[in-house]
Amino acid sequence: QVQLVESGGGLVQAGGSLRLSCVASGRTSSVNAMGWFRQAPAKEREVVASINWLGTDTHYADSVKGRFTISRDRAKNTVYLQLNSLKPEDTAVYYCAQARSARLATQRSEYPYWGRGTQVTVSS
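Being a predicted model, the structure only gives us computed values, none of them experimental.

Calculation criteria
Residues numbered from 1 in each chain as written. Predicted model: local features only at pLDDT ≥ 70, side-chain atom pairs only at ≥ 80, totals over all residues. Heavy atoms only, no water. Salt bridge = Lys/Arg side-chain N within 4 Å of Asp/Glu carboxyl O. Helix = DSSP H or I, 4+ residues; strand = E, 2+ residues; numbered from the N terminus. Buried < 20%, exposed > 50% of the residue type's maximum accessible area, 1.4 Å probe, protein only. Polar contact = N/O pair within 3.5 Å; in protein donor to acceptor, adjacent residues only side chain to side chain. Contact = heavy atoms within 4.5 Å.

Participant: What am I meant to see in the pattern of salt bridges here?
Facilitator: Any two side chains of opposite charge can pair, given that their charged atoms come close. For the coordinates displayed, the defined rule picks out five salt bridges. For the salt bridge of D90 with R38, the shortest nitrogen-to-oxygen distance reads 2.9 Å. Of this pair, D90 sits in the loop between β8 (78-83) and β9 (92-98) while R38 sits in strand β4 (residues 34-39), and the two are 52 residues apart along the sequence. Side by side, D90 and R38 carry an identical accessibility label, which is buried. Through salt bridges that share partners, R38, E46, R67 and D90 make up one connected network.

Participant: Just checking my understanding: could you explain unusual backbone geometry for this structure?
Facilitator: Phi is mostly negative for residues that are not glycine, and the peptide bonds are mostly trans. Phi angles above zero are rare outside glycine, and A42 is one such case at about 65°. Tracing the chain through its elements places A42 in the loop between β4 and β5 (46-51). Its identity as a non-glycine residue notwithstanding, S85 has a phi of 50°, on the positive side. You can see S85 is positioned in the loop between β8 and β9. With a relative accessible area of 41%, S85 lands in the partly exposed category.

Participant: What's the story with the side chain of R38 in this structure? I'm lost.
Facilitator: Taking the relative accessible area as the measure of exposure, R38 reaches 6% and is therefore buried. In this structure the side chain of R38 is engaged in a polar contact, spanning 2.8 Å, whose partner is the side chain of E46. Here S63 takes part through its side chain, which lies 3.4 Å from a polar atom of the side chain of R38. Setting aside residues up to four positions removed in sequence, R38 forms contacts with E44, R45, E46, V48, S63, V64, F68, E89, D90, A92, V93 and Y94.

This is the structure:
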């Protein structure tokens, strides 16, 4: 099994920045793509960003392109999400997830392992 623990969420004013981290433990010897998702109240969980195993390929939701950056440190079993120029509509619980395969994964169904999430709240 794989355990994923997110950190770095919080309350920030519009225009501010946060850096989310996700540490993987357990069966970390396998090679897997990673992703960040978010879910706002009364909304579906949506993909925010994803990265392949090598860190050479990334995908972003249109709503965060140019503002968010996903990266990973395989030696530390950690994936990051840098959130810049935050907007109130970015308010949500942000979840880290590990995909089944090493290639870039953009669909929720491709991710069997999930963290518990970290709250990001952006005030106007």
